[in-house]
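Survey of secondary and tertiary structure
What follows is the residue order along each chain.
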Amino acid sequence: MCGVAKVKDWERFLSIKAASLLFCGAILSATLAITGAEAQEASDKGAYLTAAGGCYGCHTNIKEKGAPFAGGRPLETPFGTFYTPNITPDRDTGIGSWSDKDFLTAIKHGVSPLDQYFFPAFPYTSYTKMTDEDALAIKSHLMALTPVTQENRKHDISAPFSWRWLQWGWRLFFFTDGPYVPPSNASDAVARGGYLVEALTHCGECHTPRNFLGGTDNSLYLAGTANGGEGEKVPNITPDTETGIGDWSEGDIVSFMKDGMMPDFDNVQGSMEEVISHSTSKLTDEDLAAIAAYLKSIPPINNKIQ
Ligand code: HEC
Ligand code: HEC
């Protein structure tokens, strides 16, 4: 009797165990499916933000068919030529060994893991306004890329501009550490657009004129410059009707950022073409509309670029 009972108990135990295992298995696989979906969502978000940030265009030597994100792209500036570094997860020549903290300190505060200052040719001056969450989503995306072994090329800039420690002084004048603060009374769309423009797509790095030390002149925020990077003329994109884009509708701005077509059917050229093909054309309609709403909301500045 006892033995039978024991066997029965045992059987019952086993069947409960089996049922609970099945149950646990079901929960586990559901949880795995959720974390799988979450991981997918996080990686899509990282890819989206990386596109918005325009990292690919600068960190890929597109002209010489270099590997994506492996660096080596020359950036001509009045101070000399910078060559972008490898930001693939290669442990020796890329950023494969970087911790989250290393990455946040670099991209948001312009300081390397070796405690050296970065040059502002790396627009950390804008990325400083990014949230940690968005910056780390970008890091996850980069860390999931195929590592590419490619040594960084030394910048070709002359002293004293090549002295990294001098950046200490530059930062004092021209760098304001984040975060992004939306204009007071901003609608949700304007606040989102401002975040995208100021923290991620860094429109001001080209559209705001710079002084002789390379600091942006914020009294002419987005008002254009006749001698932008690589000697380009960069137009005024404040809503001034005479010298800016005051007569563009929000729809005009959105379609321009999607396919580079201007309201007068002209096609965009130069570095803006790159910005559109690698960055703004990848943004959702909602985000593009937010950027347009923000551009319409900033003060118009009369600044003729000639
Ligand atoms: C306008 C061009 C430009 C854009 C856009 C840009 N970078 Fe860079 N980046 C640079 C340059 C130039 C440097 C090197 C700066 C230096 O040597 O002081 C750099 C350095 C870095 C470094 C340091 C790497 C190292 O080995 O020290 C990281 C990380 C980085 N960028 C990540 C990014 C990410 C992520 C994005 C997009 C959100 C991005 N960059 C967008 C130009 C750019
Ligand atoms: C890498 C530098 C760079 C960045 C970053 C950049 N632009 Fe431009 N942008 C230019 C240049 C150069 C032109 C002129 C293009 C031409 O002549 O065809 C231009 C043209 C434009 C125009 C056309 C204006 C006109 O009157 O013809 C608009 C609008 C514009 N940019 C908006 C933006 C916005 C919005 C952003 C941020 C999402 C941005 N740009 C980021 C360099 C840049």
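Above this note sits the structure.
Residues numbered from 1 in each chain as written. Chains lettered and ligands numbered in written order. Predicted model: local features only at pLDDT ≥ 70, side-chain atom pairs only at ≥ 80, totals over all residues. Heavy atoms only, no water.

**Points about the pairing of strand S2 (residues 80-83)**
Note that strand S1 (residues 74-77) and S2 share 4 bridges and pair antiparallel. When the bridges of S2 are listed, Thr-77 appears paired with Gly-80. The loop that links S1 with its antiparallel partner S2 comprises 2 residues. (Pairing = 2+ DSSP bridges. Helix = DSSP H or I, 4+ residues; strand = E, 2+ residues; numbered from the N terminus.)

**Some thoughts on the pattern of salt bridges**
It is possible for side chains of opposite charge to pair when their charged atoms get near one another. For the structure on display, the rule yields 10 salt bridges. The shortest N-O distance in the salt bridge between Glu-205 and Arg-210 comes to 2.8 Å. A relative accessible area of 13% means that Glu-205 is categorised as buried. The class for Arg-210 is partly exposed, based on a relative accessible area of 37%. Salt bridges sharing common partners tie together Lys-45, Glu-133 and Asp-134. (Salt bridge = Lys/Arg side-chain N within 4 Å of Asp/Glu carboxyl O. Buried < 20%, exposed > 50% of the residue type's maximum accessible area, 1.4 Å probe, protein only.)

**Here's the deal with the nonpolar core**
Grouped together as the largest cluster of nonpolar side chains are 47 residues, with contacts concentrated most on Met-130 and Leu-200. When contributions to this core are tallied by element, the ones reaching two or more residues are helix H1 (2-53), helix H3 (100-109), helix H4 (124-127), helix H5 (132-143), helix H7 (188-200), helix H9 (250-259) and helix H11 (285-297). (Core = buried A, V, L, I, M, F, W, Y, C linked by side-chain atoms within 4.5 Å.)

**Details of the coordination of the iron atom of ligand 2**
The iron atom of ligand 2 binds to the protein through His-207 (NE2) and Met-272 (SD); the donor distances cover 2.0 to 2.2 Å. Around the iron atom of ligand 2 sit 6 donor atoms; with metal-centred angles ranging over 86 to 179°, the donor geometry is octahedral. One end of the pair, His-207, is in helix H8 (residues 204-207); the other, Met-272, is in helix H10 (residues 270-278), with 65 residues separating them in the sequence. (Donors = N, O, S within 2.8 Å, 3.2 Å for Na, K, Ca; no water. Tetrahedral: all angles 85-135°; square planar, octahedral: opposite > 155°, others 65-115°.)

**Here's the deal with the site of ligand 1**
Contacts to ligand 1 come from 23 residues, most closely from Cys-55, Cys-58, His-59, His-155 and Arg-164. In this structure, His-59 approaches ligand 1 through a side-chain N or O atom, which is 2.9 Å from a nitrogen atom. Examining the composition of the shell around ligand 1, we find that 3 residues originate from one element, helix H2 (residues 55-59), more than from any other. The residue inventory of the shell around ligand 1, partitioned by class, reads 16 nonpolar, 6 polar and 1 charged. (Near = heavy atom within 4 Å. Polar contact = N/O pair within 3.5 Å; in protein donor to acceptor, adjacent residues only side chain to side chain. Nonpolar A, V, L, I, M, F, W, Y, C, P; charged D, E, K, R; others polar.)

Structural measurements only, silent on function.
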